[in-house]
Structures are given as C-alpha cells and as structure tokens.
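# Notes for the structure review
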Amino acid sequence: MSGKYFLATFGCQMNVYDSNLIGGMLEKKGMQATGEAGEADVLIVNTCSIRGGAEDRAYARIAAMRHYKRRNPDVRIAVIGCMAQNHGEKIPVELDHVDYVVGPDNYRELEEMIFKDRPKTPAILTEQNAFENYDGIMAKLDSAVTCHITIMRGCNKRCTYCIVPTVRGVERSREASSIVEEVERAVSEGVKEVCLLGQTVNSYRTEGDDFASLLRKLNRIDGLKRIRFTSPHPRHFDSNAIRAMAESEKVCNHVHIPVQSGSNAMLKKMRRQYTRERFLEIVRELRAEIPNVGLTTDIITGFVGESEADYLETLSLVEEVGFDSAFMFQYSPREGTPAFAEGETLTAAEKQERHERLVQLQMGITERNLDAMAGRVEEILIENRSSRDRNEWIGKTGCCKKVIVPDAPGLGKGSLVSARILTRSGLVLRGESIIA
Ligand code: SF4
C-alpha cells in the first residue's frame, strides 16, 4: 500500500499528537498526507469520547465517508481513538463501511494492517496495553514554532464523571531519554516551544525520573526557548515540582490547573483527591515561587448532587483565585463513568443558569486581569501573522496571553521579542515591540 492518507482528528491535544504519531509511521513507509478525503487511499478518523456531542460529531463524519467507499471500493476506512476503544465492535454494526476499529494502544498494529490485504471482516483492535508508549516512533511536528509532545499515557485516577481511564487505560510514563531526544529533534527543526502532554502530566514518573527532574533535563536543551505542560493534577503539585518550575528559566510562568469545583462535598463526589483548602494552598505556593504566574482552570457545574451552596463555593473560589481564564462545562453524564448510574439532580435549565452565572463572573475577572497587563513589558513568542492584518504579528506571553504587535524589522514566526503591553481589544492584548 503506497498512496495517500487522510486523517481527521477530534478531541484533545493528545489525540492530535497520536495523529502525528500515525502520520509519522505511515510516511516512514512511503505514504503521503492529503487534506482531500476524496483523493485518499486510507481515511482515518481519530475520535474523542469526552462528551456525547464529540461522539455524535465523529459518527456523522464517519457516516459521511460512506460515499468515498461507493466511489472507490478499494478505499480503506479506519476509526481510531477513544470512541473506537469505547464502542469497539458496535461501530461496524452501524457503520458497515468501516474496515478497522483501533484503540489508542493499538496503532502499531494499525500501521501493519494498512500495509497488508484488507481484512475480509472489520478488524477490531481494542486490547489495552499497559506498557505501550510508542517509544521509538517519531511523531510528525505539528507546527514550526510550538510542538506538543505526549510524555505519558493513560490515567490512574477515577474521577467519577470521566471516561478517560476507561478508554485510555492505566498510566505509563515514557523514558526521559526518549522525550529529550524528541525535543532535541524538534528544536533542530526550528521549534522554539514544547508543550508536554499527559492526562495528569505532573504525575510523570519512571524509575529514574519524576516530573521535576524531567523539567530540569529539558531546561538544559540548547535552542529550546519555552516549556509548557498540560494538564497537571492538583494532587501531584508538590514543592519539588513547583521549585523545579521556578528554577527552570524555560518553564513558562503559566499553569493550567483544573479545579472542577470549589465545594469539598463535590470534590469528594467527583473523587478529585484534594480539598478546596489544599487547592488554594497550591495556588499560594505557585504565586510565591513563580512571579506573575498566570493561572487557568477547568470547572464543571451542575454535577449530580450539587446544591446552591456547593455552587456558591465554586463562585467564591473563582473570585478568590482570580483565574486568567477557565474552560467551564455543564455536567454531562457519560455512560461508562462511575457517576453515570446516579443520573442527574438538576434540570437542563438549572444547569444552564448556573453555567451562565459562572461564565459572567469569570469573564469579568479575565478582562480585569488582561487590563492589569497594560504597561508591563513581556516577552512574546511570535506564532503567526495576524489573520486580520498582514502588517501585524500575533504571539503569546510566557503567562499565555495572546498579544498582537505591529510588524518590525526582523520579526517573524518563532521570534522572541520584548513588547510593552498597551491596550486590550476583546480578549487579545495589543503591544509595541521594543527593539533593542
Ligand atoms: S485526572 Fe480525572 S478528569 Fe483527568 S483524565 Fe484522569 S480521570 Fe479524567
């Protein structure tokens, strides 16, 4: 099998990384990527199961691929990722034009099968492998400036609303040497910033390394300018990790730390393994150790059993911390999660109302924090020309704020430039670059 492959990716950055892994495998064997599904020999849909809506969208996309098969019966269609793991053999029952259903631990087998004769019946590969880290396989780079690299797979937590442990399996960390090698390769190809990925990225651990020692190792890589990571779990933020962040100058002063709720009763019901008090302690320590650290978070409202008092605890925590921004979700029961059997205790309207009140509160804080940046001089990593004005560039501060700066001699993708923050327009800052 030579020819072309088309890859559609749903979901999180870890799915994007997995798609880049598969792209790397197929291109190593001579296949070429195409953005046109109609000209591909192999169509791959990398799916997400985090919410029902994500699965519905993937199903619709796969169903729409049926006509490619009618037009060219030799086309092969693969459904991979979390929804493949979650639904397995049920998928070809409804989508009978699918040839392969492959879970996140079985991409090596997918690669092998694509270069063999098409299976007579759909191949279902969803056996989980607690040791599979795809070490030795080089993922394609996803941008010339920033590169996302998965350092661990799976999750050992059991948050009661979450399907991830079911579809991604147990936690396993890659060897630090293979991560260092991958980052060095990315830097040699011009990448300036790496973002380390994991479901609970700061629980990274191998025999010889933990998250702190890994950060210190990556911090020594010449040519690398910035290190980011997502998503850490509050349970694994110890002083050792925070000190390593503070003492590694390439680690950005931004932490995305999901809190989910401000109520201890809800945190217990969600099985988050920390309390409101411990979370606030971590916030204080991060702010004490890392100057101007930007904090963002994830919040779920309307979880089963959430009282008005619980909800108000979430609002008061949001006010107390003053997050720069937050991903805010209404609870969505997921079949296959521990909380699913409990159903719901709030109506859709009640959930919507709570969600809107939270969004309004957080938006006010976000704008206030952005306004407070005026006058500050920040280092900006330029990512791209502004889509609105070709004479402007857009980039990010270390604390993860988007900034637009006018074009200037020497500015380009990957440039690191000092800029004075002038104003805010919407949720984007405007600055002027300070040319030394
Ligand atoms: S830590 Fe909790 S929310 Fe995050 S992936 Fe694991 S189970 Fe899901």
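On a predicted model such as this, the values are computed, not experimentally measured, just so you know.

## Re helix 14 (residues 348-371)
Taking 1.5 Å of rise per residue, the 24 residues of helix 14 would be expected to cover 34 Å, and the 34 Å separating its terminal C-alpha atoms lies within 8% of that figure. Where helix 14 is buried, its residues meet strand 13 (294-301), helix 13 (308-321), strand 14 (325-330), strand 18 (416-425) and strand 19 (428-433).

## A look at the sheet that holds strand 10 (residues 193-197)
Sheet architecture is open: three strands sit in the order 7-10-11, paired in parallel fashion. Every other strand in the sheet has two partners, leaving strand 7 (146-150) and strand 11 (226-230) as the edge strands with one partner each. The average undirected angle you get between the axes of adjacent strands in this sheet is 25°. Across five bridges, strand 10 lies against strand 11 in parallel orientation.

## Notes on the domain arrangement of the protein
Segmentation of the protein into domains returns domain 1 (4-125), domain 2 (130-252), domain 3 (277-372) and domain 4 (377-434). Distance from the C-alpha centre of domain 1 to the C-alpha centre of domain 2: 26 Å. Each partner contributes to the interface: domain 1 provides 24 residues, whereas domain 2 provides 24 residues. A buried area of about 2,200 Å², summed over both sides, lies between domain 1 and domain 2, and 56% of it is on carbon and sulfur atoms. Three residues stand out in domain 1 for area buried against domain 2, namely Met14, Tyr17 and Arg108, and they jointly supply 33% of the buried area on that side.

## Structural notes on the site of the ligand
Contacts to the ligand come from Cys155, Lys157, Cys159, Tyr161, Cys162, Val164, Pro165, Gln199, Thr200, His233 and Arg272. Class assignment for the residues of the shell around the ligand results in six nonpolar, three polar and two charged.

## Things to note about the sheet that holds strand 2 (residues 32-33)
Here six strands make up an open sheet; going across it, the order is 2-1-3-4-5-6 and the pairing parallel. The sheet is open, and its two edges are formed by strand 2 and strand 6 (123-125), each paired on a single side. Here six bridges tie strand 3 (residues 42-47) to strand 4 (residues 76-81), and the two strands are oriented parallel to one another. Note that in strand 4 the partner of Val45 across the bridge is Val79. Against the sheet, helix 1 (residues 13-28) engages strand 1 (4-9), strand 2, strand 3 and strand 4, with an angle of about 175° to strand 1.

## Observations regarding the packing of helix 9 (residues 211-219) against helix 10 (residues 239-247)
Following both chains from N to C, one finds helix 9 and helix 10 inclined at 10°, their axes separated by 8 Å at the closest point. Classed by the angle they form, the pair helix 9 and helix 10 counts as roughly parallel. Where helix 9 approaches helix 10, its residues Phe211, Ala212, Leu215, Arg216 and Asn219 are matched on the opposing element by Asn240, Ala241, Arg243, Ala244, Met245 and Glu247. Of the residues that constitute the contact of helix 9 with helix 10, the class distribution is six nonpolar, two polar and three charged.

## Points about the packing of helix 1 against helix 6 (residues 107-114)
Put simply, helix 1 and helix 6 touch, their axes get as near as 10 Å, and they point 35° apart. Like other packed secondary-structure pairs, helix 1 and helix 6 cross with a definite hand, here right-handed. Between helix 1, through Asp18, Ile22, Met25 and Leu26, and helix 6, the contact on the second element is made entirely by Tyr107, Arg108, Glu111 and Ile114.

## Looking at the pairing of strand 14
Residues in a regular strand project their side chains so that they alternate between the two faces of the sheet. In the sheet, strand 13 pairs with strand 14 via six bridges, with the strands oriented parallel. Bridge assignment links Thr301 to a residue of strand 14, and that residue is Gln330.

## A word on the side chain of His254
One can find His254 in strand 12 (residues 254-256). Owing to a relative accessible area of 14%, His254 belongs among the buried residues under this scheme. Polar contacts involving the side chain of His254 include one to the side chain of Thr296, which spans 2.9 Å. Among residues more than four places away in sequence, those in contact with His254 are Arg228, Val293, Gly294, Thr296, Gly398, Cys399 and Cys400.

## Describing the environment of Thr47
Structurally, the position occupied by Thr47 is in strand 3. It is 37 Å that separates the C-alpha atoms of Thr47 and Glu281, two residues lying 234 residues apart in sequence. Ignoring any residue separated from it by four or fewer positions in sequence, one finds Thr47 in contact with Phe10, Asn15, Ala58, Ile62, Val79, Ile80, Gly81, Cys82, Met83 and Ala84. Engagement of the side chain of Thr47 in a polar contact is seen with the backbone oxygen of Ile80, the distance being 2.6 Å. A polar contact of 3.0 Å, which involves the side chain of Thr47, links it to the backbone nitrogen of Met83.

Cut-offs used in this document
- Residues numbered from 1 in each chain as written.
- Predicted model: local features only at pLDDT ≥ 70, side-chain atom pairs only at ≥ 80, totals over all residues.
- Heavy atoms only, no water.
- Helix = DSSP H or I, 4+ residues; strand = E, 2+ residues; numbered from the N terminus.
- Expected span 1.5 Å × (residues − 1).
- Contact = heavy atoms within 4.5 Å.
- Pairing = 2+ DSSP bridges.
- Axes fitted to C-alpha atoms, helices over the stretch in contact; angles between N-to-C directions.
- Domains from an automatic or database assignment.
- Buried area = accessible area lost by both parts, 1.4 Å probe.
- Near = heavy atom within 4 Å.
- Nonpolar A, V, L, I, M, F, W, Y, C, P; charged D, E, K, R; others polar.
- Parallel < 35°, antiparallel > 145°, perpendicular 65-115°, else oblique.
- Left-handed = near helix turned anticlockwise from the far one by under 90°.
- Buried < 20%, exposed > 50% of the residue type's maximum accessible area, 1.4 Å probe, protein only.
- Polar contact = N/O pair within 3.5 Å; in protein donor to acceptor, adjacent residues only side chain to side chain.

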